[in-house]
Amino acid sequence: MTQPLPESLPANAVGGQTAVETAAQSGAIAAPAAGDMSVTVGAHFKMIFLVIVGLTLMFWLAHFGLLFTADPEKPEIKDALETTKIAGFSSLGTILGLLGGAISGRL
């Protein structure tokens, strides 16, 4: 059995305001100005983003290091090259996903 969604957020106990209105008035949520396209990210996002960028660089450095220093015809090296390439492209996709999520959360 499905229930209909509420029309608006539930009213807070203070003055019949919604929780979002109360938070906005107290300064906890800053309303963006009209036409403001800036994106603000927190320290947690920055830490995760820098770790992913570091891992991406590590995967690509390992890939090109193996490609130029080892014999790419050996089966073990082929497997390592394929693994680092897949990990590098996956990390690039993760970076794009993080950036897209940060931007779309603000727009």
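Residues numbered from 1 in each chain as written. Predicted model: local features only at pLDDT ≥ 70, side-chain atom pairs only at ≥ 80, totals over all residues. Heavy atoms only, no water.

1. As for the overall build of the protein
The cut-off we apply is this: In DSSP terms, a helix is any run of H or I states spanning at least four residues, a strand is any run of E spanning at least two, and both are numbered starting from the N terminus. Whether a residue is buried, partly exposed or exposed follows from its accessible area with a 1.4 Å probe, protein chains only, as a fraction of its type maximum: under 20%, in between, or over 50%, in that order. Per-residue accessibility takes into account occlusion by the displayed protein chains alone, with areas from the Shrake-Rupley method and a 1.4 Å probe.
Regarding its fold elements, the protein presents 3 helices and 0 strands. Listed N to C, the secondary structure of the protein is α-α-α in terms of helices and strands. Considering the protein as a whole, with its 107 residues, one finds that 13% of them fall into the buried category. Carbon and sulfur atoms provide 68% of the accessible area of the protein, an area that totals close to 8,200 Å².

2. Section: the environment of L98
Which entries qualify depends on this criterion: It only takes one pair of heavy atoms within 4.5 Å for two residues to be counted as in contact.
Along the polypeptide, L98 turns up in helix α3 (residues 75–104). Along the sequence, L98 and F49 sit 49 residues apart, while their C-alpha atoms lie 7.3 Å from each other. Among residues more than four places away in sequence, those in contact with L98 are F45, I48, F49 and I52.

3. Looking at the environment of K78
Mapping K78 onto the fold places it in helix α3. Take K78: its relative accessible area is 44%, and that puts it in the partly exposed class. With 11 residues separating them in the primary sequence, K78 and L67 have C-alpha atoms 9.1 Å apart. With residues up to four places along the chain from it excluded, the contact list for K78 reads P72 and E73.

4. Some remarks on the packing of helix α2 (residues 43–69) against α3
A pair of packed helices is characterised by two quantities: the angle between their axes and the separation of those axes. Filter applied, for reference: What counts as an axis is a line fitted to C-alpha atoms, over the stretch in contact for a helix, and the angles between N-to-C directions run from 0 to 180 degrees. Roughly parallel here means an angle under 35 degrees, roughly antiparallel means over 145, roughly perpendicular means 65 to 115, and every remaining angle is called oblique. Each crossing gets its hand from how the near helix is turned against the far one by less than a right angle, where anticlockwise is left-handed and clockwise is right-handed. Ten residue types, Ala, Val, Leu, Ile, Met, Phe, Trp, Tyr, Cys and Pro, are classed as nonpolar, four, Asp, Glu, Lys and Arg, as charged, and the remainder, Gly among them, as polar.
The N-to-C vectors of α2 and α3 enclose an angle of 155°; their axes lie 8 Å apart at closest approach. In terms of axis orientation, α2 runs roughly antiparallel to α3. Note on packing geometry: the crossing formed by α2 with α3 is left-handed. When grouped by side-chain class, the residues that make up the contact of α2 with α3 number 20 nonpolar, 6 polar and 1 charged.

5. Some thoughts on the packing of aromatic side chains
Convention followed: Aromatic pairs are defined between Phe, Tyr and Trp rings, using the six-membered ring for Trp, whenever the two ring centres lie within 6.5 Å; interplanar angles under 30 degrees are classed as stacked, those over 60 as edge-to-face, and all others as tilted.
Going through the model one piece at a time under the given rule, you end up with 4 aromatic pairs. On the basis of an interplanar angle of 15° and a centroid distance of 6.0 Å, the ring pair of F45 and F49 is categorised as stacked. Taken as a pair, F45 and F49 lie in helix α2 at a separation of 4 residues, close to a single helical turn. The exposure class of F45 is partly exposed, given its relative accessible area of 21%. Residue classification places F49 among the partly exposed residues on the basis of a relative accessible area of 21%. Note on F64 and F68: the rings are 6.3 Å apart at their centroids and 15° apart in plane angle, and the pair reads as stacked. Within this pair, F64 and its partner F68 are both found in helix α2, separated by 4 residues, close to a single helical turn. On the accessibility criterion, F68 (68% relative accessible area) is exposed. Members of the aromatic cluster, each reached through a chain of ring pairs, are W60, F64, F68 and F89.

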